[in-house]
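Descriptive analysis of the structure
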Amino acid sequence: TTSLAGQRVLITAAAQGIGRATALAFANAGAEVIATDINDAGLAGLDGCRIARLDVLDAAAVTDFCAGLGPVDVLFNCAGVVHAGSILDMPDSDLDFAFDLNVRAMVRMIRAVLPGMIERGQGAIINMSSVASSVKGVPNRFAYSTTKAAVLGLTKSVAVDYVGVGIRCNAICPGTVQSPSLDQRLAATGDADAARAAFVARQPMGRIAQADEIAALAVYLAGATYTTGQAVCIDGGWTI
Ligand code: NAD
């Protein structure tokens, strides 16, 4: 495994799912982890991590929190929301909220930590996208895919603007990953078992990812010193 001893890693949405698995994976790799979320109870059990409440929708909170933090070597922007619906059955409020949480929150976080990274001439930013983005059309995911495609645009933009000063910026594009919110989405269909079977069937590997498989990719990208501006798919073969 990559050793990240001496690296400070800041993670959003670390209370459950991929964010939580990633916080534990970074801690295992020897990093100093600052795990943040709005769910204090979920953060509480994160052994080996420093935990803090941070609402990434709150611009002032993001600025204040990052200003008081000191140097950050790795930023993992994991916070995101999945809305169901096509363009005709999506309320505008879903699109506004998805842009705020899936895109603008990343802009806020990057603005807050990037100047410090530039000053020190090093930094790795990892943004959570999805194969449901510009990579692949996925049914019933209009607001989600629109905003996750924007994440790839912002990732490449930051990567190209700061490649010369030691900053790397990459995105992770998972297929379907086991998480508490996935269970909620399956339940919301009214037939969770059938919905799960359909989700499993669309991944050629015949299973849904475990969060720690995505976490391992985040740890890899933190130390991938020759990789920037990439959208790395991790999807059980969905996009083959
Ligand atoms: P999840 O959806 O189960 O948990 C999301 C976490 O985000 C929760 O802990 C929640 O408290 C936190 N959160 C919500 N609003 C927040 C805010 N304003 N500030 C800070 N934290 C906030 O976790 P997941 O399913 O692992 O998803 C994590 C990320 O991975 C998301 O960006 C999601 O779009 C992406 N993703 C998930 C899947 C999947 O199938 N699960 C696939 C591709 C991409």
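Residues numbered from 1 in each chain as written. Predicted model: local features only at pLDDT ≥ 70, side-chain atom pairs only at ≥ 80, totals over all residues.

The name an unreviewed UniProt entry gives the protein is SDR family oxidoreductase, with Paracoccus nototheniae as the organism. Taken verbatim from the UniProt record of the protein, the Sequence similarities (unreviewed entry) comment is "Belongs to the short-chain dehydrogenases/reductases (SDR) family." (UniProt positions renumbered as here; feature names shortened; annotations may be inferred.)

1. Quick notes on the overall build of the protein
If you tally the helices and strands in the protein, you get eight helices and seven strands. Taken over the C-alpha trace, the protein has a radius of gyration of 17 Å; the compact-globule value for 240 residues is 18 Å, and the two agree within 12%. With the principal axes as the frame, the protein shows a C-alpha extent of 50 × 35 × 35 Å. Here the protein holds 240 residues, and 45% of them are scored as buried. Pairs at least 24 apart in sequence give 71% of the contacts found in the protein among residues at least 6 apart. (Helix = DSSP H or I, 4+ residues; strand = E, 2+ residues; numbered from the N terminus. Rg over C-alpha atoms; globule rule 2.2 N^0.38 Å. Buried ≥ 20, exposed ≤ 12 C-beta atoms within 10 Å, placed from the backbone. Contact = placed C-beta atoms within 7 Å.)

2. Things to note about the site of the ligand
Close to the ligand lie 29 residues, the nearest being Ala13, Gly17, Gly80, Ser179 and Ser181. Broken down by secondary-structure element, the contributors of at least two residues to the shell around the ligand are helix 1 (17-28) and helix 6 (180-188). Summarising the domain contributions, the shell around the ligand has at least three residues from each of domain 1 (8-174 + 211-234) and domain 2 (177-208). (Near = placed C-beta within 6 Å. Domains from an automatic or database assignment.)

3. Digging into the pairing of strand 7 (residues 231-234)
Here strand 7 shows one buried face, formed by Ala231 and Cys233, and one open face, formed by Val232 and Ile234. Where strand 6 (residues 167-174) lies against strand 7, four bridges are found, and the strand directions are parallel. When the bridges of strand 7 are listed, Ala171 appears paired with Ala231. (Pairing = 2+ DSSP bridges.)

4. With respect to the domain arrangement of the protein
You can read the domains of the protein as domain 1 (8-174 + 211-234) and domain 2 (177-208). A separation of 23 Å is found between the C-alpha centroids of domain 1 and domain 2. When contributions to the side of domain 1 that touches domain 2 are tallied by element, the ones reaching two or more residues are helix 1 and helix 8 (211-222). When its residues are assigned to classes, the side of domain 1 that touches domain 2 shows five nonpolar, two polar and no charged. (Nonpolar A, V, L, I, M, F, W, Y, C, P; charged D, E, K, R; others polar.)

5. Concerning the packing of helix 3 (residues 59-67) against helix 4 (residues 92-120)
Direction vectors running N to C along helix 3 and helix 4 enclose 25°, while the axes themselves pass 9 Å from each other. Of the possible angle classes, the one that applies to helix 3 and helix 4 is roughly parallel. The crossing of helix 3 and helix 4 is right-handed. Seen from helix 3, the contacting residues are Ala59, Val62, Thr63 and Cys66; seen from helix 4, they are Arg108, Met109, Ala112 and Val113. Here the residues of the contact of helix 3 with helix 4 are counted per class, giving six nonpolar, one polar and one charged. (Axes fitted to C-alpha atoms, helices over the stretch in contact; angles between N-to-C directions. Parallel < 35°, antiparallel > 145°, perpendicular 65-115°, else oblique. Left-handed = near helix turned anticlockwise from the far one by under 90°.)

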